[in-house]
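# Secondary and tertiary structure notes
This is what each chain is made of:
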Amino acid sequence: MAEVSLNGLTKTYGATRALDAVSFTVPDGAFVVLLGPTGAGKTTTLRLIAGLEPADSGSITIAGRNVSRESPAERDVAMVFQQYSLYPHLTVRDNLAFPLKSPILRVPAAEITRKVNEVAEVLRITHKLDNKATQLSGGEMQRVSIGRALVRSPAIYLMDEPLSSLDAKLRSDLRVELKRIQADLGATLLYVTHDQIEAMTMATHVGVLDQGRLVQFGTPREVYENP
Ligand code: ADP
Ligand code: ADP
């Protein structure tokens, strides 16, 4: 658990200013939804926080620590992408265990087993643990993708439209589940979407980006009452 602060974050790609002096704070335990049209800079925001690329200027702090020069692994964040990033030939169990098997982490085998079982329970996929990823439905695959973030118990979760490839019913089921999981874990979560229903139903705070600028930030109520 930790708060994240962005301070004057700026990023350009050639002539495109993807982010223009963006500043906001994701409070500890908050569920912040970033909204905005395509090209607004939402994904770039997550990628910079994850450390997948450097900012041009500005800084990022996590739990009060300036992480701007830290590698993605040092930042203790986990990112969930829109496309399921599973290893198709591995079982669900091995997909979930994968992030913990890095030799750098030295997680004991018994601890990996415990964690995988616990996360499978939370995501209600225990009955699928021995299935190959290719044998799962879209909703199950996305659950496992989220599970691969959960097993690491990161300080911050970064999710980039994790439900947008699913049908409406699954999306609505998983919205409820994600909200429950976040509340149960007390997790700090930054979630990108362009779906206003997702923002309304899940967010403690909403940030609205437009052409690289943060144009609104507040509770869902504040944002929707002052469009
Ligand atoms: P969003 O997630 O809100 O759709 P992005 O953060 O993906 O927006 O993109 C913001 C802007 O930066 C867009 O104009 C996009 O085309 C541009 N952009 C993003 N990544 C790159 C890149 N790797 N190279 C060039 N332009 C990029
Ligand atoms: P390498 O370092 O050789 O790329 P990886 O451990 O990354 O090996 O990948 C092992 C296998 O899993 C490879 O066959 C690769 O194609 C597949 N794989 C890797 N990443 C993904 C992913 N995000 N989604 C699906 N399959 C993947």
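Provided above is the structure to which this section pertains.
One structure accompanies this document, and this report is about it. (Residues numbered from 1 in each chain as written. Chains lettered and ligands numbered in written order. Predicted model: local features only at pLDDT ≥ 70, side-chain atom pairs only at ≥ 80, totals over all residues. Heavy atoms only, no water.)

## Side note on the pattern of salt bridges
- Here the structure, examined in full by the defined rule, presents 14 salt bridges.
- Among the charged side chains, a salt-bridge network with shared partners connects E111, R114, K115 and E118. (Salt bridge = Lys/Arg side-chain N within 4 Å of Asp/Glu carboxyl O.)

## Some points on the site of ligand 1
- In the region of ligand 1, the neighbouring residues are Y13, T16, A18, P37, T38, G39, A40, G41, K42, T43 and T44.
- Note that an oxygen atom of ligand 1 is positioned 2.9 Å from one of the side-chain N or O atoms of K42.
- Surface burial for ligand 1 is 58%, taken as the share of its 560 Å² of free accessible area covered by protein chains.
- Of all the secondary-structure elements, those providing two or more residues to the shell around ligand 1 are β2 (16-26) and α1 (42-50).
- Take the shell around ligand 1: its biggest share by element is three residues, from α1. (Near = heavy atom within 4 Å. Polar contact = N/O pair within 3.5 Å; in protein donor to acceptor, adjacent residues only side chain to side chain. Areas by Shrake-Rupley, 256 points an atom, 1.4 Å probe, with all protein chains shown as cover. Helix = DSSP H or I, 4+ residues; strand = E, 2+ residues; numbered from the N terminus.)

## What about the pairing of strand β1 (residues 4-13)?
- Where β1 and β2 come together, seven bridges link them in antiparallel fashion. By the bridge assignment, L9 is partnered in β2 with V22.
- Relative to strand β4 (residues 57-62), β1 runs antiparallel, the two sharing five bridges. Across the sheet, the residue bridging to T10 is S57, located in β4. (Pairing = 2+ DSSP bridges.)

## Quick word on the sheet that holds strand β9 (residues 205-210)
- Spatial strand order, β6-β7-β8-β3-β9-β10: six strands in an open sheet with mixed pairing. For this open sheet the edge positions go to β6 (77-80) and β10 (213-218), each flanked by a neighbour on one side alone. On average, each strand axis in the sheet is tilted by 15 degrees relative to the strand beside it, whichever way the strands run.
- Pairing analysis gives four bridges linking strand β3 (residues 31-35) to strand β8 (residues 188-192), with the strands arranged parallel. Each residue of the ladder has a partner; that of L34, found in β8, is V192.
- Packing of helix α5 (residues 138-150) onto the sheet brings it into contact with β6 and β7 (156-160), and relative to β6 it is tilted by some 170 degrees.
- Of the strands in this sheet, β3, β7 and β8 touch helix α6 (residues 168-185), which is tilted by about 140 degrees from β3. (Axes fitted to C-alpha atoms, helices over the stretch in contact; angles between N-to-C directions. Contact = heavy atoms within 4.5 Å.)

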